[in-house]
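What follows is the residue order along each chain.
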Amino acid sequence: HYTSALNARPELNSNTALHTVVFYNTEFEGTVEIQVTLENGVTDITSWTVLETVNITTADTIRYFNFNGVFNFVRFRMIPTTGTATLDKILYRS
């Protein structure tokens, strides 16, 4: 499961741009890949790079994560360890 591509607003950020993401969880256990791209648009052939992998357990009802960098778009890939559970909500701020 992927989120839609989110505009990382590179025009507002310097080379040390801080991004914050919050994962809200009740039943999800697994990992979330933070994927980024420098491409100017998002299509079916957009090249994404995994920037970080965040481990989430059912004990993590709210999990914060910060990362730095200037990107055009960001998306998140949820990889559950069992079943098809998904996260309740992901809040992203660039």
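Here is what the cut-offs are and how they apply
Residues numbered from 1 in each chain as written. Predicted model: local features only at pLDDT ≥ 70, side-chain atom pairs only at ≥ 80, totals over all residues. Heavy atoms only, no water. Helix = DSSP H or I, 4+ residues; strand = E, 2+ residues; numbered from the N terminus. Rg over C-alpha atoms; globule rule 2.2 N^0.38 Å. Buried < 20%, exposed > 50% of the residue type's maximum accessible area, 1.4 Å probe, protein only. Contact = heavy atoms within 4.5 Å. Core = buried A, V, L, I, M, F, W, Y, C linked by side-chain atoms within 4.5 Å. pLDDT = per-residue confidence, 0-100. Phe/Tyr/Trp six-rings, centres within 6.5 Å; stacked < 30°, edge-to-face > 60°. Pairing = 2+ DSSP bridges. Axes fitted to C-alpha atoms, helices over the stretch in contact; angles between N-to-C directions.

1. Here's the deal with the overall build of the protein chain
So, step 1. The helix and strand inventory of the protein chain stands at zero helices and seven strands.
So, step 2. Its helices and strands taken in sequence order, the protein chain reads β-β-β-β-β-β-β from the N to the C terminus.
So, step 3. For the protein chain, whose C-alpha radius of gyration is 13 Å, the value lies close to the compact-globule estimate of 12 Å for 94 residues.
So, step 4. Viewed in the frame of its principal axes, the protein chain has a C-alpha envelope of about 35 × 25 × 15 Å.
So, step 5. Expressed as a percentage of the 94 residues in the protein chain, the buried residues total 33%.
So, step 6. Taking the intrachain contacts of the protein chain between residues at least 6 apart in sequence as the baseline, contacts between residues at least 24 apart amount to 81%.

2. Observations regarding the nonpolar core
So, step 1. Core analysis: the largest hydrophobic core is formed by 16 residues, its most contacted members being Phe23, Val32, Ile34 and Val74.
So, step 2. Sorting the residues of this core by element identifies β2 (18-24), β3 (30-37), β4 (49-56), β5 (62-68) and β6 (73-80) as the ones contributing at least two each.
So, step 3. The residues touching Val32, leaving out its near neighbours within four places in the chain, are Phe23, Glu52, Thr53, Val54, Ile56, Phe76, Arg77, Met78 and Leu87.

3. Brief notes about the confidence of the model for the protein chain
So, step 1. Averaged over all residues, the pLDDT of the protein chain equals 87, while 90% of them reach at least 70.
So, step 2. Here strand β1 (residues 6-7) stands out as the least confident element of the protein chain, with mean pLDDT 70; β4 is the most confident, with 96.

4. Some details on the packing of aromatic side chains
So, step 1. Following the criterion strictly, the structure yields three aromatic pairs and no others.
So, step 2. When the ring of Phe76 is compared with that of Tyr92, the centres are 5.9 Å apart and the planes differ by 65 degrees; the resulting orientation is edge-to-face. Separated by 16 residues along the polypeptide, Phe76 in strand β6 and Tyr92 in strand β7 (residues 89-93) bring together distant segments of the chain.
So, step 3. Connected via pairs of aromatic rings, a cluster forms that spans Phe23, Phe76 and Tyr92.

5. What about the pairing of β2?
So, step 1. Here β2 lies mainly inside the structure; five of its seven residues are buried.
So, step 2. In the sheet, β2 pairs with β5 via seven bridges, with the strands oriented antiparallel. Residue Thr20 lies in a different strand from β5, and its bridge partner there is Asn66.
So, step 3. Note: β2 against β7, five bridges, orientation antiparallel. Each residue of the ladder has a partner; that of Tyr24, found in β7, is Lys89.

6. Some words on the sheet that holds β7
So, step 1. If you trace the three strands from one edge of the open sheet to the other, you get β5-β2-β7, paired in antiparallel fashion. Sheet topology places β5 and β7 at the edges, where each strand pairs with a single neighbour. Averaged over all adjacent pairs, the angle separating strand axes in this sheet is 15 degrees, with direction ignored.

7. A short note on the environment of Thr49
So, step 1. Inspection of the secondary structure puts Thr49 in strand β4.
So, step 2. Along the primary structure Thr49 and Ile34 are separated by 15 residues, whereas in three dimensions their C-alpha atoms are 8.3 Å apart.
So, step 3. Not counting residues up to four positions away in its chain, the partners in contact with Thr49 are Ile34, Gln35 and Val36.

8. Some words on the environment of Glu39
So, step 1. Turning to its location among the elements, Glu39 is positioned in the loop between β3 and β4.
So, step 2. Sequence-wise, Glu39 and Tyr24 are 15 residues apart; in three dimensions their C-alpha atoms are separated by 29 Å.

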